[in-house]
Amino acid sequence: MKFLVNIKDLVKESLEQNMIFERKEALDPDYVPANLPGRERQIKELSINFRDLLTNAGSTSVSVVVVGKHGTGKTVTVRKFGEIITEIGKERGIKIMFAHVNCRKHRTVFLALVEVARQINIIVPNRGLSAQELFRNLHEHLEKRKAYLIVAFDEFDYLIATSPIEDLYLLARAYDEAGFAEKRIHYIFIIRDLSNIMKIDRSIRDQFMKNVIDFPPYTHEEIYQILKDRIVNEKAIRENAIEDEALRYIAEQYDDARLAIEALELAGKIAESEGAPIITVEHTKKAVSQLNPEYDVILRTIKDLDLHQLLLLKAILELDQKTLSIDVIENEYRNVAIRVGERPRKHTQVYDYIRKMKMLGLLLPEQRKGRATVVSVPDIIREMKNVVEEEIQNRLKEKEY
Ligand SMILES: Nc1ncnc2c1ncn2[C@@H]1O[C@H](COP(=O)(O)OP(=O)(O)O)[C@@H](O)[C@H]1O
Ligand SMILES: [Mg+2]
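Since the model is a prediction, treat every value here as computed from it, not as a measurement. Numbers given to residues run from 1 along each chain, matching the order in which its sequence is written. Working convention: letters from A go to chains and numbers from 1 go to ligands, in the order in which they are written. Two thresholds apply to this predicted model, a pLDDT of at least 70 for residue-level local features and 80 or more for giving and counting side-chain atom pairs, whereas whole-chain, interface and lining totals are computed over all residues.

## Some details on helix 12 (residues 244-253)
Turning to step 1, where the next piece is worked out: With C-beta atoms placed from the backbone, a residue counts as buried when 20 or more other C-beta atoms lie within 10 Å of its own, as exposed when 12 or fewer do, and as partly exposed for counts between those limits. Comment: elements are numbered from the N terminus, with helices defined as DSSP H or I runs of at least four residues and strands as E runs of at least two. When we look at burial in helix 12, the residues that qualify are Ala246, Leu247, Tyr249, Ile250, Ala251 and Gln253.
Turning to step 2, where the next piece is worked out: C-beta atoms are placed from the backbone for every residue, and two residues are taken to be in contact when these atoms lie within 7 Å. If you follow the buried residues of helix 12, they end up packed against helix 11 (220-232), helix 13 (257-273) and helix 14 (281-291).

## A short note on the sheet that holds strand 8 (residues 374-376)
One key point about sheets: their strands pair by backbone hydrogen bonds, in either a parallel or an antiparallel sense.
Turning to step 1, where the next piece is worked out: Pairing between two strands requires that DSSP report at least two bridges joining them. The antiparallel open sheet is built from three strands, whose spatial order is 6-8-7. Edge positions in the sheet fall to strand 6 (323-325) and strand 7 (364-365), since each of these pairs with one other strand and no more.
Turning to step 2, where the next piece is worked out: As paired strands, strand 6 and strand 8 are joined by three bridges and run antiparallel to one another. Bridging across to strand 8, Ser325 finds its partner in Val374.

## Brief notes about helix 14
Every α-helix carries 3.6 residues per turn, so stepping three or four residues along brings you back to the same face.
Turning to step 1, where the next piece is worked out: Among all positions of helix 14, only His283, Thr284, Lys285, Lys286, Ala287, Val288 and Ser289 are buried.
Turning to step 2, where the next piece is worked out: On its buried face, helix 14 sits against helix 12, helix 13, helix 15 (295-303) and helix 19 (379-382).

## What about the site of ligand 1?
Turning to step 1, where the next piece is worked out: Near, for a residue, is defined by distance from a backbone-placed C-beta atom to a molecule or strand, with 6 Å as the limit that must not be exceeded. What surrounds ligand 1 is a group of 19 residues, the closest being Gly73, Lys74, Thr75, Val76 and Ala257.
Turning to step 2, where the next piece is worked out: Listed by contribution, the elements that provide at least two residues to the shell around ligand 1 are helix 4 (74-91) and helix 13.

## Some words on the pairing of strand 1 (residues 63-68)
Turning to step 1, where the next piece is worked out: When you tally the buried positions in strand 1, you get six out of six residues, the bulk of the element.
Turning to step 2, where the next piece is worked out: Side chains of strand 1 alternate between two faces, with Ser63, Val65 and Val67 and Val64, Val66 and Gly68 buried alike.
Turning to step 3, where the next piece is worked out: Summarising the sheet, strand 1 and strand 4 (residues 185-191) pair through five bridges and their orientation is parallel. In the strand pairing of strand 4, Ser63 is matched with Tyr187.
Turning to step 4, where the next piece is worked out: In the sheet, strand 1 pairs with strand 5 (residues 212-215) via four bridges, with the strands oriented parallel. Pairing of Val65 across the sheet is with Val212, part of strand 5.

These values are about where atoms sit, not about what they do.
Listed below in structure tokens is the structure:
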């Protein structure tokens, strides 16, 4: 039987053929790229805050708060800054270390400090000490090594919510106590929402609030630059394997860099699975709708529709217009039903289906235009033609048995 595909060849081909991606790892959420478009001001402000560490090390303990919503580049920017200031320190003969702890994973000040110690290869007993003692321990190790340490407490909101005041006091004021000649430990606190800091007791809040660097949501142009940089400089995707319009399309949908990069990766996977040599706007549209948190809900809703409701939805999607009058929908529905060999349902039934679809959110009610009742189709539904088609085919097959 010659027409059958050789499965081994198919597997081999699919393993080798990689027309879209070149360095896929450059799209990983933890990847730190060389450039950070749109974050020049924030990097400059961080540097200015830490200037003393290079010119007058040990004179003060620096403490900076970085604040911004999800996907505004806080983590990547701080990690990059840590990397670079360590490097510059080395060039100037100042031993600077950098640790980055995620407070969602290390949920007390004590556990966060244990993680810091682990990252900089200091062995500390992980029981029997208080957070204060652990801090002192860390400090003494640094003293011995003549080193300075910058700790980034990422997702610090979690620690604020759960820590006793003494622990927060430790982070804000440890060096206020006598007995520390050199100030060796410095902080960057990364938070989502400044109002969380407002919940801290007044006596230490001001300390946290001294240096605040804000990370506003990206503009669509900045998102475009970020994506472009991942492609052109980081080589995540082969040159010419994405249409510029497709990239623009993604950039227009998001102000969150994480989601935008995720959408780019998904669009690449979709193009790849279709065997397309290039990511087009169609692929990015699909990716964006699949990433929509509503997508799964709508998918299930569609799968619960009965055959004629699906045929009606197919008719609506085939008409491919933003708003439609019910008369036009009904006409098209009749055609679609007849084409698949089904007897169209009566007008009242069709009306009822439309009412139900509005309730399910598959259609949106619109203003009456003259005497006709019109509905509109949400964008996310318009991207689900394939799902509807597939579901119809399943139902028709089921009917055969
Ligand atoms: N200015 C930027 N340039 C390049 N990549 C960025 C930039 N900002 C964010 N990213 C990328 O977007 C994703 C989310 O960034 P992240 O730093 O985790 O955001 P946040 O910590 O604010 O939620 C990461 O993959 C990161 O590499
Ligand atoms: Mg983060």
